[in-house]
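Take a look at the letters that make up each chain.
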Amino acid sequence: MEGQPHHHQHHHQISVNIDTGDRFPQWSIQETRDFLMIRAELDPTFMETKRNKLLWEVIATKMKEKGYNRSAEQCKCKWKNLVTRYKGCETMEPEGMRQQFPFYNELQTIFGARMQRMLWMEAEGGLSAPKKKGVQLSSDDEDDNEESDGGEKITSSKKRRKVLKGGGTGSSTSGTSMISSLKELLEEFMKQQMQMEMEWMKGYERREEERRVKEMEWRQTMEALENERVAMERRWREREDERRTREEARAEKRDALITALLNKLRREEM
């Protein structure tokens, strides 16, 4: 009894340290992207195991190799926050998603690859429906399953009794519902992909139309400049012809005056 208060005090100290570490320092955008790359690499392993505490330690180690000092608990909390924000963006427009949550594409890639792996495993018959459901929960909820061995035995015994009572119908129903759920998720994923492609095509067509308009304006401007240049050249040639005509007329008059003057001088000498 005397050691129990000391135990609570020690536990409180640990929780305070964890909370402080979670708040500081803030995650930068590049750090979050590096974290998601590491998490995506280990996502298949997360789906295969229920005890993922060691995997978060691996992620923390890989983060340290990249120069980020993050604990396993911090990485786990960050992942949960990102998943929560990702789920909150499902009803938003694509443009709003990119503004509110810049990591939406990374999360969508991870979950899309996860669904494809599960569908492939289902098609190959390598994973039964109940196991698949457990894998999905362990990966999404990130449950460490830190129960005691006795608790696990009791839980597994209860599950076995439920299965025996329910018979094989529950298993087949669960498998059918899981396949249906996966198909719906895949259809939703493909729908979002098509919507994003349509948005991209609309943006591309809009940019292409703007480019065509600008090119037409540029051509019209260049054509106007060319017409102006031709007109200026024509006016210059006309002025040059007029100048040449005037010079020729003056030259003729000068020659006529010189000839008349010479004739007059000859007559005077005679």
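Being a predicted model, the structure only gives us computed values, none of them experimental. (Residues numbered from 1 in each chain as written. Predicted model: local features only at pLDDT ≥ 70, side-chain atom pairs only at ≥ 80, totals over all residues. Heavy atoms only, no water.)

**Student:** How would you sum up the overall build of the protein? Please name residues and give values.
**Tutor:** Within the protein one finds nine helices and zero strands. Reading the protein from its N terminus to its C terminus gives the helix and strand order α-α-α-α-α-α-α-α-α. Taken over 270 residues, the protein has a buried fraction of 23%. Contacts spanning at least 24 positions in sequence make up 71% of the contacts within the protein whose residues lie at least 6 apart. Carbon and sulfur atoms form 55% of the exposed surface of the protein, whose accessible area is close to 20,300 Å². (Helix = DSSP H or I, 4+ residues; strand = E, 2+ residues; numbered from the N terminus. Buried < 20%, exposed > 50% of the residue type's maximum accessible area, 1.4 Å probe, protein only. Contact = heavy atoms within 4.5 Å. Areas by Shrake-Rupley, 256 points an atom, 1.4 Å probe, with all protein chains shown as cover.)

**Student:** A description of the packing of helix H3 (residues 53-65) against helix H4 (residues 72-88) should follow, citing residues and the corresponding values.
**Tutor:** As a packed pair, H3 and H4 sit with axes 8 Å apart at the nearest point and diverge in direction by 100°. By the angle between their axes, H3 is roughly perpendicular relative to H4. Mapping the contact onto sequence places Trp 56, Glu 57, Ile 59, Ala 60 and Met 63 in H3 and Ala 72, Cys 75, Lys 76 and Trp 79 in H4. (Axes fitted to C-alpha atoms, helices over the stretch in contact; angles between N-to-C directions. Parallel < 35°, antiparallel > 145°, perpendicular 65-115°, else oblique.)

**Student:** I'd like to hear about the packing of helix H2 (residues 29-48) against H3, residue by residue, with values.
**Tutor:** Look at H2 against H3: their axes get within 10 Å of each other, and the N-to-C directions meet at 145°. The two elements H2 and H3 cross, and the hand of that crossing is right-handed. Touching Glu 31, Phe 35, Ile 38, Arg 39, Leu 42, Thr 45 and Phe 46 of H2 are Leu 55, Trp 56, Val 58, Ile 59, Lys 62 and Met 63, all from H3. Of the residues that constitute the contact of H2 with H3, the class distribution is nine nonpolar, one polar and three charged. (Left-handed = near helix turned anticlockwise from the far one by under 90°. Nonpolar A, V, L, I, M, F, W, Y, C, P; charged D, E, K, R; others polar.)

**Student:** Could you give me a rundown of H2, with the residues and numbers involved?
**Tutor:** Under the 1.5 Å per step criterion, the end-to-end length of H2 is 29 Å for 20 residues, consistent within 8% with the ideal 28 Å. Of all the bends found along H2, the most pronounced is centred on Leu 42 and spans about 50°, while Pro 44, a proline, follows it within four residues. (Expected span 1.5 Å × (residues − 1). Bend = angle between axes of the 7 residues up to and from the residue.)

**Student:** Tell me about the side chain of Thr 32, residues and numbers included.
**Tutor:** Residue placement: Thr 32 occurs in helix H2. The exposure class assigned to Thr 32 is buried, which follows from its relative accessible area of 1%. Leave out the neighbours within four places in its chain, and Thr 32 touches Trp 27, Lys 78, Leu 82 and Phe 103.

**Student:** Quick one: what's the story with the packing of aromatic side chains, residue by residue and with numbers?
**Tutor:** Counting across every chain of the model gives seven aromatic pairs. Relative to Phe 35, the ring of Trp 27 has its centre 5.4 Å away and its plane inclined at 65°; by these criteria the two rings are edge-to-face. Each member of the pair, Trp 27 as well as Phe 35, is classed as buried. Each ring, one from Phe 101 and one from Phe 103, has its centre 5.9 Å from the other, and the planes form 80°; the classification is edge-to-face. (Phe/Tyr/Trp six-rings, centres within 6.5 Å; stacked < 30°, edge-to-face > 60°.)

**Student:** Now, about the pattern of salt bridges: what can you tell me, with residues and values included?
**Tutor:** Applying the stated criterion to the full structure yields 15 salt bridges. Of the charged contacts, one joins Arg 243 and Glu 240 as a salt bridge, the two residues approaching to 2.3 Å between their closest N and O atoms. With Arg 243 and Glu 240 both in helix H9 (residues 168-269) and three residues apart, this pair spans about one turn of that helix. Salt bridges sharing common partners tie together Arg 39, Asp 43, Arg 114 and Arg 117. (Salt bridge = Lys/Arg side-chain N within 4 Å of Asp/Glu carboxyl O.)

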